[in-house]
Amino acid sequence: MLAKVKAGELTFAQLLERDDDIAKKIKVSQALRAVKGVGPAKATALMEEAGVDEKRRLGGLGAQQRKKLVDALG
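Residues numbered from 1 in each chain as written. Predicted model: local features only at pLDDT ≥ 70, side-chain atom pairs only at ≥ 80, totals over all residues. Heavy atoms only, no water.

### Structural notes on the overall build of the protein chain
Part 1 of the argument: A tally of helices and strands in the protein chain yields six helices and zero strands.
Part 2 of the argument: Its helices and strands taken in sequence order, the protein chain reads α-α-α-α-α-α from the N to the C terminus.
Part 3 of the argument: Overall, the C-alpha framework of the protein chain stretches about 25 × 25 × 20 Å when taken along its three principal axes.
Part 4 of the argument: For the protein chain, the proportion of its 74 residues judged to be buried stands at 31%.
Part 5 of the argument: Relative to all contacts within the protein chain whose residues are 6 or more apart in sequence, the contacts with residues 24 or more apart total 49%.
Part 6 of the argument: For the protein chain, the exposed area adds up to about 4700 Å²; of that, 48% sits on carbon and sulfur atoms.
Part 7 of the argument: Of the side-chain charges in the protein chain, 15 are positive and 10 negative, and the distance between the mean point of each set is 3 Å. (Helix = DSSP H or I, 4+ residues; strand = E, 2+ residues; numbered from the N terminus. Buried < 20%, exposed > 50% of the residue type's maximum accessible area, 1.4 Å probe, protein only. Contact = heavy atoms within 4.5 Å. Areas by Shrake-Rupley, 256 points an atom, 1.4 Å probe, with all protein chains shown as cover. Lys, Arg positive; Asp, Glu negative; His and termini not counted. Charge placed at Lys NZ, Arg CZ, Asp CG, Glu CD.)

As structure tokens, this is what we get:
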């Protein structure tokens with residue numbers, strides 16, 4: 001799934017909308033780093049800005065955190 005994000009076949013927002021167990025278990029930091037142009041430092045900065053713990057997985061994000069991350073990547 002992260003390969004699809006990296007290839008541009010799936011956006012970060014679309015990944016967040018998925019409701020399957022595989023997507024829910026992906027770490028937020030890994031998902032962000034799969035986005036083109038986002039490395040470890042930028043991923044960390046985006047997570048701090050959105051108030052997301054570094055160990056958080058996609059399934060554990062709240063609506064506000066999801067919106068902040070999508071807007072920041074926008």
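### Regarding the packing of helix H5 (residues 40-50) against helix H6 (residues 63-73)
Part 1 of the argument: Closest axis-to-axis distance for the H5/H6 pair is 9 Å, and the angle between their directions is 135°. It follows that H5 is oblique to H6 by the angle criterion. Judged by the sense of rotation from one axis to the other, the crossing of H5 with H6 is right-handed. Residues Leu46, Met47, Glu49 and Ala50 of H5 touch H6, and the partners they reach there are Gln65, Lys68, Leu69, Ala72 and Leu73.
Part 2 of the argument: Of the residues that constitute the contact of H5 with H6, the class distribution is six nonpolar, one polar and two charged. (Axes fitted to C-alpha atoms, helices over the stretch in contact; angles between N-to-C directions. Parallel < 35°, antiparallel > 145°, perpendicular 65-115°, else oblique. Left-handed = near helix turned anticlockwise from the far one by under 90°. Nonpolar A, V, L, I, M, F, W, Y, C, P; charged D, E, K, R; others polar.)

### Brief notes about the side chain of Ser29
Part 1 of the argument: Considering the arrangement of structural elements, one finds Ser29 in helix H4 (residues 28-33).
Part 2 of the argument: Among residues more than four places away in sequence, those in contact with Ser29 are Ala43, Met47 and Glu54.

### Some words on the environment of Leu73
Part 1 of the argument: In this fold, Leu73 is placed in helix H6.
Part 2 of the argument: Residue classification places Leu73 among the partly exposed residues on the basis of a relative accessible area of 26%.

### Describing the pattern of salt bridges
Part 1 of the argument: Throughout the structure, instances matching the rule amount to three salt bridges.
Part 2 of the argument: Asp20 serves as the salt-bridge partner of Arg18, at 2.9 Å between the closest nitrogen and oxygen.
Part 3 of the argument: Judged by its relative accessible area of 36%, Arg18 falls in the partly exposed class.
Part 4 of the argument: Among the residues examined, Asp20 registers a relative accessible area of 24% and is labelled partly exposed.
Part 5 of the argument: The residue Asp19 makes a salt bridge to Lys24 at a minimum N-O spacing of 3.3 Å.
Part 6 of the argument: With relative accessibility at 62%, the residue Asp19 sits in the exposed group.
Part 7 of the argument: A relative accessible area of 36% means that Lys24 is categorised as partly exposed. (Salt bridge = Lys/Arg side-chain N within 4 Å of Asp/Glu carboxyl O.)

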